[in-house]
Amino acid sequence: MGDANQLGRVLDNLINNGLAYTEDGAPPRVRVSAATDSSLALVRVVDDGMGIAADMREAVFEPFRRGEHDNAPGSGLGLYISRELARAHGGTLSLERSEPGAGSTFVLTLPLRVTETTSRA
Ligand SMILES: Nc1ncnc2c1ncn2[C@@H]1O[C@H](COP(=O)(O)OP(=O)(O)OP(=O)(O)O)[C@@H](O)[C@H]1O
Ligand SMILES: [Mg+2]
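A quick note: this is a predicted structure, and the numbers were derived from the prediction, not measured.

Novice: Explain the nonpolar core to me, please; I cannot follow it from the model alone.
Specialist: If you look at soluble globular proteins, the nonpolar side chains tend to sit buried side by side. With 19 residues, the main nonpolar core has Leu14, Phe61, Leu79, Leu93, Phe106 and Leu108 as its most contacted residues. Secondary-structure elements contributing two or more residues to this core are α1 (4–20), β2 (40–47), α2 (78–88), β3 (92–98) and β4 (104–111). With residues up to four places along the chain from it excluded, the contact list for phenylalanine 106 reads Leu14, Val43, Arg44, Val45, Ile52, Phe61, Leu79, Ser94, Leu95 and Glu96.

Okay, here's the thing in structure tokens:
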């Protein structure tokens, strides 16, 4: 029941970030996995890039907020929009794990069954 184009945009943002925010010179590795539990689909995007400092973990989801690096041009909107799209589907987008220099894991969750409340939102 999800909007395939919009969910594709979320994955596009996450994968592009994983490919862009690498340590200098290192070829990026990005792994995407999908799983379900009883009520949720979980999609993880794991990279081995530059990582995100602890005090930026929530800030990266704010509009126009970017890290301090020269890695890639950008507007700082990708994660903000992606989280809004996840929420519009009754889901969540969060930074599950990140360590400076040791990569990041973002996790998208989507409800397998859309409740009345969600579908009206
Ligand atoms: N996988 C990642 N590894 C390290 N830092 C990341 C990662 N993803 C996002 N960031 C940091 O979070 C910031 C915000 O990311 P976001 O995708 O919202 O915007 P952006 O990539 O800067 O621009 P765009 O709007 O083009 O996506 C980035 O500038 C970067 O500093
Ligand atoms: Mg981005």
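Novice: What am I meant to see in the layout of surface pockets here?
Specialist: In this approach a probe as big as a water molecule rolls over the atoms, and the regions it shows empty are the leftover space. The space that makes up the largest pocket amounts to roughly 710 Å³. Taken together, 31 residues make up the lining of the largest pocket; nearest its centre are Tyr21, Ile52, Val60, Gly67 and His69. For the lining of the largest pocket, the secondary-structure elements that each account for two or more residues are α1, α2 and β4. Element by element, the count of residues in the lining of the largest pocket is highest for α1, at 5 residues. Looking at the lining of the largest pocket residue by residue, the class counts come to 13 nonpolar, 13 polar and 5 charged.

Novice: What exactly am I supposed to notice about the site of ligand 1 here?
Specialist: Around ligand 1 sit 20 residues, and of these Tyr21, Arg66, His69, Ser75 and Leu79 come closest. Contacts to ligand 1 include histidine 69, whose side-chain N or O atom sits 2.6 Å from an oxygen atom. Relative to its free-state accessible area of 590 Å², ligand 1 is covered by the protein chains to the extent of 91%. In this structure the site holding ligand 1 corresponds to the largest pocket. Within the shell around ligand 1, the residues separate by chemical class into 7 nonpolar, 10 polar and 3 charged.

Novice: Explanation requested: the pattern of salt bridges in the structure shown.
Specialist: Pairing of side chains with opposite charge becomes possible as their charged atoms draw close. Under the definition given, this model contains 5 salt bridges. Residue glutamate 96 pairs with arginine 44 through a salt bridge whose shortest N-O separation is 2.7 Å. Pair noted here: glutamate 96 is in strand β3 and arginine 44 is in strand β2, with a separation of 52 residues, a long-range link. For arginine 87, the salt bridge goes to glutamate 84, with nearest N and O atoms at 3.9 Å. Residue arginine 87 and its partner glutamate 84 are both found in helix α2; the two are separated by 3 residues, about one turn of the helix.

Calculation criteria
- Residues numbered from 1 in each chain as written.
- Chains lettered and ligands numbered in written order.
- Predicted model: local features only at pLDDT ≥ 70, side-chain atom pairs only at ≥ 80, totals over all residues.
- Heavy atoms only, no water.
- Core = buried A, V, L, I, M, F, W, Y, C linked by side-chain atoms within 4.5 Å.
- Buried < 20%, exposed > 50% of the residue type's maximum accessible area, 1.4 Å probe, protein only.
- Helix = DSSP H or I, 4+ residues; strand = E, 2+ residues; numbered from the N terminus.
- Contact = heavy atoms within 4.5 Å.
- 1 Å grid on protein atoms, 1.4 Å probe; cavity = no way out; pocket = protein on both sides within 12 Å on 5 of 7 lines; lining within 4 Å.
- Points joined across faces, edges and corners; volume = space filled by probe spheres on them.
- Nonpolar A, V, L, I, M, F, W, Y, C, P; charged D, E, K, R; others polar.
- Near = heavy atom within 4 Å.
- Polar contact = N/O pair within 3.5 Å; in protein donor to acceptor, adjacent residues only side chain to side chain.
- Areas by Shrake-Rupley, 256 points an atom, 1.4 Å probe, with all protein chains shown as cover.
- Sits in = over half its atoms within 2 Å of the grid points.
- Salt bridge = Lys/Arg side-chain N within 4 Å of Asp/Glu carboxyl O.

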